[in-house]
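Read off the chains here:
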Amino acid sequence: MRDKKGFTLIELLVVIAIIAMLLAILIPSLNTVKQMAAGAVCLYNQSGLTKAYYIYSQDNDEKLVMSHQGQGRWVERPQDNNGNDTGHDSTLSEKENGIMKGTLFPYAETARLYHCPADRRFRANVRTRGKGPYRSYALPAGANSPPNTNGWNDNGITISGRLFFPVRKYTDFQSPGDKYVFVEENYTHMGGDDTSLPPNAGYNGGVWSFWSGSNYTSWWDPLAPWHNDRTNLGYADGHAEKLVWKDEDTVKFAYDRKSVPYDQPGNPDQEYMSRAYPCRR
């Protein structure tokens, strides 16, 4: 009898089938692990930013870093090496320039802290030379935005018949562990209102806007869906948490703000974001 040399065709097909089955089992698991790792890094980033946020206030007589973006604020707009505003048609390095010129950057020390690894928008082409947003996080308007930003001013803003005031100093937080200051924002004009901008804007502009039309049960800017349709929040006391959404309309709104109504009475996610919003009430 001759010794067998190598595999027969049937044996080779069986081996290939087994490998294919193993890959089919392993690849989804690897993707899940990758997503979990990105979520952990994101929580670390937000915790780092909130600690920088706190240390800044302690070095500045309890005054909070100015939200929004622009000169003298926590981040500046994307700009070239000469300080010229490059706006929504910016390269990654120009977006990083804006981050590094911000007043919070000396406390954060790295632009990577401002970016969630699950946020892939910065790879998408925008206009002729720029990419999508790199900075994943935003500050809400109630957290020391410039006066009259989204209607917020020191005389208060009326939301659903109640008066709310912006926080200007760290001591304005009655319960810092219950008030978020950094959100993951899916800033996009996809199906949006400003047709002068590209479908996906080149950077997260402004503050994270909320309470559309001064209505306590209405969204405006979407949260980001990068963690298995969940989002991370950074709180004023320096910790970060993952928000597990409970209403499917929150997920739909995160992907396309025009797909569901802005006003969502009874949405527990929106009610939580309202209760934990950083402001005096």
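About the cut-offs
- Residues numbered from 1 in each chain as written.
- Predicted model: local features only at pLDDT ≥ 70, side-chain atom pairs only at ≥ 80, totals over all residues.
- Heavy atoms only, no water.
- Core = buried A, V, L, I, M, F, W, Y, C linked by side-chain atoms within 4.5 Å.
- Buried < 20%, exposed > 50% of the residue type's maximum accessible area, 1.4 Å probe, protein only.
- Helix = DSSP H or I, 4+ residues; strand = E, 2+ residues; numbered from the N terminus.
- Arc of directions from axis to C-beta.
- Contact = heavy atoms within 4.5 Å.
- Polar contact = N/O pair within 3.5 Å; in protein donor to acceptor, adjacent residues only side chain to side chain.
- Phe/Tyr/Trp six-rings, centres within 6.5 Å; stacked < 30°, edge-to-face > 60°.
- Lys NZ or Arg CZ within 6 Å of the ring centre and 35° of its normal.
- Salt bridge = Lys/Arg side-chain N within 4 Å of Asp/Glu carboxyl O.

Details of the nonpolar core
So, point 1. Membership of the largest hydrophobic core comes to 32 residues, with the highest contact counts inside it found for L49, Y53, W74, L104, Y114, F173 and F182.
So, point 2. Only helix 1 (9–59), helix 3 (105–108) and strand 6 (180–184) provide two or more residues apiece to this core.
So, point 3. Top element by residues in this core is helix 1. It accounts for six residues.

Digging into helix 4 (residues 248–255)
So, point 1. Those residues of helix 4 that fall on the buried side of the exposure criterion are T250, V251, F253 and A254. Axial view of helix 4: buried residues confined to an arc of 165 degrees, hence all on one face.
So, point 2. Residues of helix 4 that are buried make contact with helix 5 (268–275).
So, point 3. Of the residues flanking the start of helix 4, the one acting as N-cap is D247, its side-chain oxygen 2.8 Å from the backbone nitrogen of D249.

Section: the packing of aromatic side chains
So, point 1. In this structure the tally under the stated criterion is 22 aromatic pairs.
So, point 2. Ring geometry for Y180 against W208: centres 6.2 Å apart, planes inclined by 75 degrees, an arrangement best described as edge-to-face. Here the residue Y180 occupies a position in strand 6, and W208 occupies one in the loop between strand 6 and strand 7 (231–235), the gap between them amounting to 28 residues.
So, point 3. Arranged with centres 5.3 Å apart and planes meeting at 25 degrees, the rings of F210 and W211 form a pair that is stacked. By the burial criterion, F210 is buried, and W211 matches it.
So, point 4. Feature note: the residues W152, F164, Y180, W208, F210, W211, Y216, W219, W220, F253, Y262 and Y277 constitute an aromatic cluster, connected by ring pairs.
So, point 5. Here the basic side chain of R162 rests over the ring of Y216, its NZ or CZ set 5.8 Å away from the ring centre.
So, point 6. A cation sits over an aromatic face here: R257 above W220, 4.7 Å from the ring centre.

Details of the pattern of salt bridges
When the charged atoms of two side chains with opposite charge come close together, those side chains can pair.
So, point 1. For the structure on display, the rule yields three salt bridges.
So, point 2. The shortest N-O distance in the salt bridge between E248 and K252 comes to 3.8 Å. Highlighted residues: E248 and K252, both in helix 4, separated by four residues, approximately one helical turn.
So, point 3. A relative accessible area of 55% places E248 in the exposed class.

Considering the environment of Y170
So, point 1. Relative to the helices and strands, Y170 resides in the loop between strand 5 (162–164) and strand 6.
So, point 2. The buried category is assigned to Y170, whose relative accessible area is 13%.
So, point 3. In this structure the C-alpha to C-alpha distance between Y170 and Y56, which are 114 residues apart in sequence, comes to 9.9 Å.

Considerations on unusual backbone geometry
So, point 1. Unusually for a residue other than glycine, W211 sits at a positive phi of about 55 degrees.
So, point 2. For W211, the location among the structural elements is in the loop between strand 6 and strand 7.
So, point 3. Using a relative accessible area of 4% as the deciding quantity, one classes W211 as buried.
So, point 4. Positive phi is not limited to glycine here, since N228 has a value of about 55 degrees.
So, point 5. N228 gets classed as partly exposed once you look at its relative accessible area, which sits at 41%.

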